[in-house]
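The primary structure of each chain is shown beneath.
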Protein chains: 2
Amino acid sequence: MGRAHETGGRAVPQYARIAADLLRQIEDGTLPPGELLPSEAELMRTYNVSAGTVRKAMAEVRAGGRVETRHGKGSLVKKRPPVRQRSSDRFRRSHRTKGQAAYLAEAAQSGAVPGVRVLSVEHRAVPDDVAPLLRVAPGTEVLARRRLYLRDGVPVETATSFIPRDVADAIPQLRAENPGSGGIYARFEGAGHEFAEFVETLQARGATAAETEVLGLTPGTPVIHLVREAVTTLGRVIEVCDTVMAADQFVLTYRIPAVD
Amino acid sequence: MGRAHETGGRAVPQYARIAADLLRQIEDGTLPPGELLPSEAELMRTYNVSAGTVRKAMAEVRAGGRVETRHGKGSLVKKRPPVRQRSSDRFRRSHRTKGQAAYLAEAAQSGAVPGVRVLSVEHRAVPDDVAPLLRVAPGTEVLARRRLYLRDGVPVETATSFIPRDVADAIPQLRAENPGSGGIYARFEGAGHEFAEFVETLQARGATAAETEVLGLTPGTPVIHLVREAVTTLGRVIEVCDTVMAADQFVLTYRIPAVD
DNA sequence: CAGTGGTCTAGACCACCAA
DNA sequence: TGGTGGTCTAGACCACTGG
């Protein structure tokens, strides 16, 4: 009993109905931010369904991004659903000369406590998808700076910068854990490179197992995969930054000037 | 038997291991594009797990976006995983004067057959989240143009344009199903509006039930929610376009000029 | 028709959390 | 300790696809 087609001839499965119910309650404030959702056992009772069905419903609710589930505790409505703002002018030179790296510049606007952890700085073979962007042969050795960004202590983004050897070797600070005031872009400029533009290419997809691990996500949770190329006025790409962000933590905005 | 901690003391669940296995095989070409994945029954046999476990693994594989599952048929590796390119210069005026709306301009680059279906053109109350962007009071009546974009016949994106009454009333073609050559932006320009910039704000999240329906997605599949404001040289926002895209169908690129 | 994925059940055992 | 979510099983019935 309880099959979708029997409970009223509907084509919509029970788990979808339960998920929609919960999402609506979050939407209209019946379940306010910070509130604990009904436990799965309770949902089983109130909807008269089995555990598997409730779990599938909850998986869908989680995918919506407005809920956070903690093992042994329960699921609670997130306080500020979309949080960090990544915007076009985060790369302003004026920020760097004031000593703010891009992520600090935007953290200032959003009121959360930011953090960075440098995971590794090493020479390694360039990944196949990055090689053409840097205009180097596949397998060429480059400098890779891998770091983890935190927001209020929780990981929200990983980023890996790839820099050609000849550029990196000329700037010793790039091999240091802390590249100094203004971040690595300030170091590039200090070494005479002048930026013309940044090109960001992004797509969204479910998190892979590896990303799930590093960012502390539930499997299948959406992530944004963004690759940024830093182009100098000489037309050279001197850095490619590959970042993966927990999708629910970011809102991105871009300003596109109208052109002919 | 078969629990995660018993099969070798690993903390990684079986479904994750199976999903990773399949994703790796897709990645390295063991399962080439167009190929049918092993059926769920076969996976149960080869990995010696139950149906539920295999289904959870497949759900994770699907979330990766490289696989398409058809009921009664099986799961197959998508041909061209990321397909449509949405780029910064899709709004070039030169495209419009040549009679190409933005979506046609980019479709030309990607080799697929594009399509649009106008779902509705009507006057309605502005949504609460759109009102502040248009600088109108909540509940104000605006013109809403809702359309569905197709790629090779399958829906990939819904878009709803909101236009203030005073702007819309002056341009009769905006109420027509087909706004004419160059799209609605060409009509705005024809009526004397000059665009200064477009501001795009986007986030990624799992699809809601309603989106699942319209776009023909699996529940929980990632979507990109993008809101574009069209700003004129007079500083007025004359259109807000709210779009939801199937995430696996789009790669977005933005060019950000370096500024001080 | 046989084979495929989709929904659902009932029950087991585990890992985490808080009192 | 009792309640919570997380993983897994074994089996049922359904709906869709294709020959």
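Rules of the game
Residues numbered from 1 in each chain as written. Chains lettered and ligands numbered in written order. Predicted model: local features only at pLDDT ≥ 70, side-chain atom pairs only at ≥ 80, totals over all residues. Heavy atoms only, no water. Phe/Tyr/Trp six-rings, centres within 6.5 Å; stacked < 30°, edge-to-face > 60°. Helix = DSSP H or I, 4+ residues; strand = E, 2+ residues; numbered from the N terminus. Buried < 20%, exposed > 50% of the residue type's maximum accessible area, 1.4 Å probe, protein only. Near = heavy atom within 4 Å. Polar contact = N/O pair within 3.5 Å; in protein donor to acceptor, adjacent residues only side chain to side chain. Nonpolar A, V, L, I, M, F, W, Y, C, P; charged D, E, K, R; others polar. Least-squares fit on C-alpha atoms with pLDDT ≥ 70 in both. Contact = heavy atoms within 4.5 Å. Core = buried A, V, L, I, M, F, W, Y, C linked by side-chain atoms within 4.5 Å. Domains from an automatic or database assignment. Buried area = accessible area lost by both parts, 1.4 Å probe. Pairing = 2+ DSSP bridges. Axes fitted to C-alpha atoms, helices over the stretch in contact; angles between N-to-C directions. Parallel < 35°, antiparallel > 145°, perpendicular 65-115°, else oblique. Left-handed = near helix turned anticlockwise from the far one by under 90°.

**Brief notes about the packing of aromatic side chains**
Inspection of every chain in the model, using the stated rule, returns 15 aromatic pairs over all chains. Look at Tyr 254 of chain A and Tyr 254 of chain B: their rings are 3.9 Å apart centre to centre, the planes differ by 5 degrees, and that puts the pair in the stacked class. Separated into two different chains, Tyr 254 of chain A in strand S10 (residues 250–257) and Tyr 254 of chain B in strand S10 (residues 250–257) make up a pair that spans both. Take Tyr 254 of chain A: its relative accessible area is 3%, and that puts it in the buried class. With 5.5 Å between their ring centres and 20 degrees between their planes, Tyr 185 of chain B and Phe 198 of chain B make a pair best called stacked. Of the two residues, Tyr 185 of chain B is situated in helix H8 (residues 183–190) and Phe 198 of chain B in strand S7 (residues 195–206); the sequence distance between them amounts to 13 residues. There is no split in this pair, since Tyr 185 of chain B and Phe 198 of chain B are both buried.

**Notes on the protein's contact with DNA strand D**
Near DNA strand D lie 22 residues; those nearest to it are Arg 55 of chain A together with Gln 14, Ser 50, Thr 53 and Lys 56 of chain B. The share of sugar and phosphate among atoms of DNA strand D within 4 Å of the protein is 80%. Within the backbone of Glu 40 of chain A, one N or O atom sits 2.8 Å away from a phosphate oxygen of DNA strand D. For DNA strand D, a phosphate oxygen lies 2.9 Å from a polar atom in the side chain of Tyr 15 of chain B. Every element with two or more residues in the surface near DNA strand D is listed here: helix H1 (14–27) and helix H3 (51–63) of chain B. Within the surface near DNA strand D, the residues separate by chemical class into 3 nonpolar, 13 polar and 6 charged.

**A look at the protein's contact with DNA strand C**
What surrounds DNA strand C is a group of 22 residues, the closest being Gln 14, Ser 50, Thr 53 and Lys 56 of chain A together with Arg 55 of chain B. Within 4 Å of the protein, the atoms of DNA strand C are drawn from sugar and phosphate moieties in a proportion of 79%. With respect to DNA strand C, the side chain of Thr 53 of chain A contributes an N or O atom lying 2.7 Å from a phosphate oxygen. Between DNA strand C and His 71 of chain B, the relevant distance is 3.1 Å, taken from a base nitrogen to a side-chain nitrogen or oxygen of the residue. Elements supplying a minimum of two residues to the surface near DNA strand C: helix H1 (14–27) and helix H3 (51–63) of chain A. When residues in the surface near DNA strand C are grouped by element, the largest group, 3 residues, is from H3 of chain A.

**Observations concerning the relation of the copies chain B and chain A**
Of the transformation superimposing chain B on chain A, the axial component is 0.1 Å and the angular component is 180 degrees, with the fit at an RMSD of 0.1 Å. Taken together, these values place the two copies in the relation of a two-fold axis. Relative to the rotation axis, the closest C-alpha in chain B is found at Pro 222 of chain B, a distance of 2.9 Å. Comparing contact sets, 100% of the residues at the interface of chain B also lie at the interface in chain A, consistent with an isologous, same-surface contact.

**Things to note about the nonpolar core**
Core analysis: the largest hydrophobic core is formed by 57 residues, its most contacted members being Phe 188, Leu 202 and Leu 252 of chain A together with Phe 188, Leu 202 and Leu 252 of chain B. Excluding its chain neighbours within four sequence positions, the residues that come into contact with Phe 188 of chain A are Ile 163, Val 167, Ile 171, Leu 174, His 193, Phe 195, Ile 238 and Glu 239 of chain A.

**A short note on the domain arrangement of chain A**
When its domains are assigned, chain A resolves into domain 1 (14–77) and domain 2 (84–253). Computed over C-alpha atoms only, the centres of domain 1 of chain A and domain 2 of chain A are separated by 35 Å.

**As for the interface of chain B and chain A**
Interface extent is often summarised as the accessible area lost during association of the parts. Between chain B and chain A, the residue contacts involve 40 residues of the former and 40 residues of the latter. Together, the buried faces of chain B and chain A total about 3,700 Å²; carbon and sulfur atoms form 57% of this surface. In this structure, the connection of chain B to chain A is made through 18 residue pairs in polar contact (both at pLDDT 80 or more). Breaking the side of chain B that touches chain A down by element, the ones donating at least two residues are H3, helix H4 (93–97), S7, strand S8 (222–232) and S10 of chain B. The element contributing the most residues to the side of chain B that touches chain A is S7 of chain B, with 12 residues. A per-class count over the side of chain B that touches chain A returns 22 nonpolar, 8 polar and 10 charged. As judged from the 6 bridges shared by strand S7 (residues 195–206) of chain A and S10 of chain B, these two strands associate in the antiparallel manner. Looking across to S10 of chain B, one finds that Thr 201 of chain A is bridged to Thr 253 of chain B.

**Some details on the packing of helix H2 (residues 40–47) of chain B against H3 of chain B**
All names here are of chain B. Between H2 and H3, the least distance of the axes is 9 Å, while the angle of their chain directions is 110 degrees. What the angle tells us is that H2 and H3 run roughly perpendicular. H3 is crossed by H2, and the crossing has right-handed handedness. On H3, the residues that touch Glu 40, Leu 43 and Met 44 of H2 are Ala 51, Val 54, Arg 55 and Met 58. For the contact of H2 with H3, the per-class residue count stands at 5 nonpolar, no polar and 2 charged.

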